[in-house]
Protein chains: 2
Amino acid sequence: MKIVDMRIHSIAIADPPLRSSYGLHAPYALRTIVELESDDSVIGITETYGGDAPARALEAIRPQVIGRSPYRLTGFLSAMVEGEGSGIDRSQTYLVPGENPLDQTTRTYAAIEVACLDLIGKSVGQPVCDLIGGRVRGEVAFSAYPFFKHTGGGGEGGDLREDEYGEVLSPEALVREVKQMVACYGFSSIKIKGGVLEPDLEIEAVKLLRQELGPDVPLRIDPNSAWTVDTSVRVGKALAEELSGGGYLEDPTSGLENMAEVRKRLMAAGITTPLATNVAVTSFGDIPRAVELDAVQIILCDHHYWGGMRQVQHLANLCKTFGVGLSMHSNSHLGVSLMAMAHVAAATPHLAYACDTHYPWQSEEDEVAAGGRVSIVNGCVTIPDEPGLGLELDYDQLARGRERFEKHPYRKRDDEAEMRKHIDPQWKRILPRW
Amino acid sequence: MKIVDMRIHSIAIADPPLRSSYGLHAPYALRTIVELESDDSVIGITETYGGDAPARALEAIRPQVIGRSPYRLTGFLSAMVEGEGSGIDRSQTYLVPGENPLDQTTRTYAAIEVACLDLIGKSVGQPVCDLIGGRVRGEVAFSAYPFFKHTGGGGEGGDLREDEYGEVLSPEALVREVKQMVACYGFSSIKIKGGVLEPDLEIEAVKLLRQELGPDVPLRIDPNSAWTVDTSVRVGKALAEELSGGGYLEDPTSGLENMAEVRKRLMAAGITTPLATNVAVTSFGDIPRAVELDAVQIILCDHHYWGGMRQVQHLANLCKTFGVGLSMHSNSHLGVSLMAMAHVAAATPHLAYACDTHYPWQSEEDEVAAGGRVSIVNGCVTIPDEPGLGLELDYDQLARGRERFEKHPYRKRDDEAEMRKHIDPQWKRILPRW
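Residues numbered from 1 in each chain as written. Chains lettered and ligands numbered in written order. Predicted model: local features only at pLDDT ≥ 70, side-chain atom pairs only at ≥ 80, totals over all residues. Heavy atoms only, no water.

Chemist: Outline the overall build of chain A, supporting the account with residue identities and numerical values.
Modeler: The helix and strand tally for chain A stands at 15 helices and 13 strands. In terms of overall dimensions, chain A is globule-like: its C-alpha atoms have a radius of gyration of 20 Å, near the 22 Å expected for 434 residues. Put simply, chain A has 434 residues, and 66% of those count as buried. The long-range fraction of contacts in chain A, counting pairs at least 24 apart against all pairs at least 6 apart in sequence, stands at 76%. Each charge sign in chain A was given a centre, from 43 positive and 61 negative side chains, and these centres are 3 Å apart. (Helix = DSSP H or I, 4+ residues; strand = E, 2+ residues; numbered from the N terminus. Rg over C-alpha atoms; globule rule 2.2 N^0.38 Å. Buried < 20%, exposed > 50% of the residue type's maximum accessible area, 1.4 Å probe, protein only. Contact = heavy atoms within 4.5 Å. Lys, Arg positive; Asp, Glu negative; His and termini not counted. Charge placed at Lys NZ, Arg CZ, Asp CG, Glu CD.)

And the structure:
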């Protein structure tokens, strides 16, 4: 079996005006859908970061992809994920995931790996999770991912989307938003995107959530490095109880040294809340120092930028070995990514935390998976019986996504520019802000 | 596809009277060949440790194996390799590989995993290395593995084997043995099994080998923890030049603390010879402390006891991340194991050292692979084009192996007992001996 065609589709999908310490989400999030077609007309699909750079990087390896066996392509391209040893700093403190040039090769490799696995799975009639070691769970838990946000459901011009959540810029509104999400999807873990309001207001939001949801729902808050060490410690102390019981404090501050200092001071105060990260540790090269400093107790994996599903499994094993927990990071995405995330999580025993997902922020109108959106029921995605990822593309929907991409000027994610454009012409990302 | 039968074959294969710090190899080495047969009559095979305990452990999981899909069985059984976190000491200081009860579950799992991968590969027409990430090399380098030994080619009674090497109990004889092996197999790395003669004689042997083989052949010596820290440092200093250029000093002494002390003292003397181990680090649980102490610079993997091919790949990634080298351990084995070792090595980029193999010590007469022995040419095993491991069983040969097993009383490896029986009735394994 040989790959005879690679089709790269740059698409745009409506995205609500979500806020984070990076700034504001643009009216459209960008994604790339890739198809690999074999000489026996089986098509493997994948979804990855969008915009010009990822599509260009994929286009650049076309000569290495065409003519190869999907079984051998990942080995053939392995230098793309094997180049890095220890000591390379790829932190995402200043760069949003998908725009870090240092992990472009791992992102490109991951996209190809997933498409190959989907192609192989469809070719042999097996789900992807059973090609990479076999499922250890048939359902994968995801967490609610509430954001502070402005009014609007994303899109612009004639493409404006409905907004079921409205403006969410207070603790009370956040609680309402979470309740809506839980009612709709049945999530039983909550990850709050913080770093937007004053820390005291975010503390209040978490406390209010704990009150409203009762003691059994794990809560996490992630201000994307918006806080100083002092503020991080203050928040960690204030939320010691709220973040216990399976919750965590994610990237309160930037850099491994600062994270380690927060950890040390919290532990000295008897507070064992684990620190999680997808900013200070984003590649294997970051891990030795992180372990040495005990800077993070949970790493958020993401097959999209860690170099694919097998690299995530390597990461899981490494984390287990060093007593580090594993959770999963997410970006704005559609069903193909969601299903890939579910498959790798299903085949990764150490992934004990519910995974992040932005999926509830996207809409049926933009889904490119045939048959519509992937269901999240009781907070879980069920691994389908169908082979590969379990999804086919809806080519009409894909064409609409391409049209949106062509029609609008967005070519890379820039939350800071969006913030200046829509909210505050002077806005700058300041780290730490508080 | 479902597994409908599991056949477990305990066999005995002639083994020459090889010496090590563990004692003396018995006239027969024990192996287990396992077949998994699917409902569409495809047969996956594997080879693992022999004797009663491994066969019993395999028999015990029969109810979990029968009726399962080979794609899902590894996931279903994953608790067998996922149980261990950090901090569990599984060192092989006193136990030969295959007789350590602490890694019985990982050994059993590995056997099943390889058989499943062979079954899957044969079912879909793909080599095993291309099912686990894809080959990064089509030829896998192995090293010569000279032993000090007594006369004889193994076996007993009417089953005595020819001996092409004769007695090897001096530096000169070892050089002759190596030259014979190199002439026959084309090896370009040499690993000497030491810990048998006085350290000064073993130093002499390595120096003589370096003289005879020239400067380009990497040399390793492995006394299986026979030396004190002082002796290890003395040997390391004496052989600083001989073990440089891709060689290493393997398990000179026992325990991570002692290894770390040897490393520290050698480094202080400006000697950077890496220390390798398959004794002080034999499971993921040993690694955090090993890294912390810089006790070992190279870990010897072995899919047979590390929990299979994917666990070896996890180990490789972990080693790469922490700047630790990776080589491969071997036990007495036949072609099925050799080919499995070659497949996992072919799909493990970080495996940069030539792998150990005892294969030259076994003979055509005992090979259970159809078509006879696997070829080692220019020191390498070539990954065959055939699916799975690339081997089928010769059932007549397998029956002969079972007969040998039934006929002789050996049921577990016990090099100390053999030493007392044949060489010295008072012999005891003393660690450290020198």
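After presenting the structure, the write-up continues.
Chemist: Residues and numbers for the interface of chain A and chain B, please.
Modeler: Between chain A and chain B, the residue contacts involve 35 residues of the former and 35 residues of the latter. Between chain A and chain B, the buried area comes to about 3000 Å², and carbon and sulfur atoms account for 54% of it. Here chain A is connected to chain B by four salt bridges. In this structure, the salt-bridge partner of Arg-72 of chain A is Asp-130 of chain B, at a minimum N-O distance of 3.2 Å. At the junction of chain A and chain B, the tally comes to ten residue pairs in polar contact (both at pLDDT 80 or more). For the side of chain A that touches chain B, the secondary structure elements donating two or more residues are α3 (70–76), α4 (79–82), α10 (287–293) and α12 (309–321) of chain A. Here the side of chain A that touches chain B takes eight residues from α12 of chain A, the largest share from any one element. The class makeup of the residues in the side of chain A that touches chain B is 14 nonpolar, 14 polar and seven charged. (Buried area = accessible area lost by both parts, 1.4 Å probe. Salt bridge = Lys/Arg side-chain N within 4 Å of Asp/Glu carboxyl O. Polar contact = N/O pair within 3.5 Å; in protein donor to acceptor, adjacent residues only side chain to side chain. Nonpolar A, V, L, I, M, F, W, Y, C, P; charged D, E, K, R; others polar.)

Chemist: Which residues make up empty space enclosed by the protein, and what values do they have?
Modeler: By the definition in use, this model includes ten cavities of 30 Å³ or more. Taken as a whole, the largest cavity encloses approximately 280 Å³ of empty space. Considering the residues around the largest cavity, the lining is formed by 28 residues, among which Gln-311 and His-314 of chain A together with Ile-132, Gln-313 and Ala-347 of chain B are closest to the centre. Elements with a contribution of two residues or more to the lining of the largest cavity: α3, α4, α5 (104–124) and α12 of chain A together with α12 (309–321) of chain B. Looking at which element gives the most residues to the lining of the largest cavity, the answer is α12 of chain B, with five residues. Considered as a void within the structure, the second largest cavity measures approximately 230 Å³ in volume. Those elements that provide at least two residues to the lining of the second largest cavity are α12 of chain A together with α3 (70–76), α4 (79–82), α5 (104–124) and α12 of chain B. Ranked by residue count, the leading element in the lining of the second largest cavity is α12 of chain A, at four residues. Grouping the amino acids of the lining of the second largest cavity by side-chain chemistry returns seven nonpolar, twelve polar and four charged. (1 Å grid on protein atoms, 1.4 Å probe; cavity = no way out; pocket = protein on both sides within 12 Å on 5 of 7 lines; lining within 4 Å. Points joined across faces, edges and corners; volume = space filled by probe spheres on them.)

Chemist: Summarise the pattern of salt bridges; cite the residues concerned and give the values.
Modeler: Enumeration according to the criterion identifies 65 salt bridges over all chains in this entry. Here Lys-191 of chain A ties to Glu-250 of chain A by a salt bridge, and the two come within 2.7 Å at their closest N and O atoms. Here Lys-191 of chain A is found in strand β7 (residues 190–193), whereas its partner Glu-250 of chain A is found in strand β9 (residues 248–250), with 59 residues between them in sequence. What makes Lys-191 of chain A buried here is its relative accessible area of 0%. Residue Asp-163 of chain B pairs with Lys-149 of chain B through a salt bridge whose shortest N-O separation is 3.0 Å. In this pair, Asp-163 of chain B is assigned in the loop between β6 (139–141) and α6 (171–185) and Lys-149 of chain B in the loop between β6 and α6, connecting sequence segments 14 residues apart.

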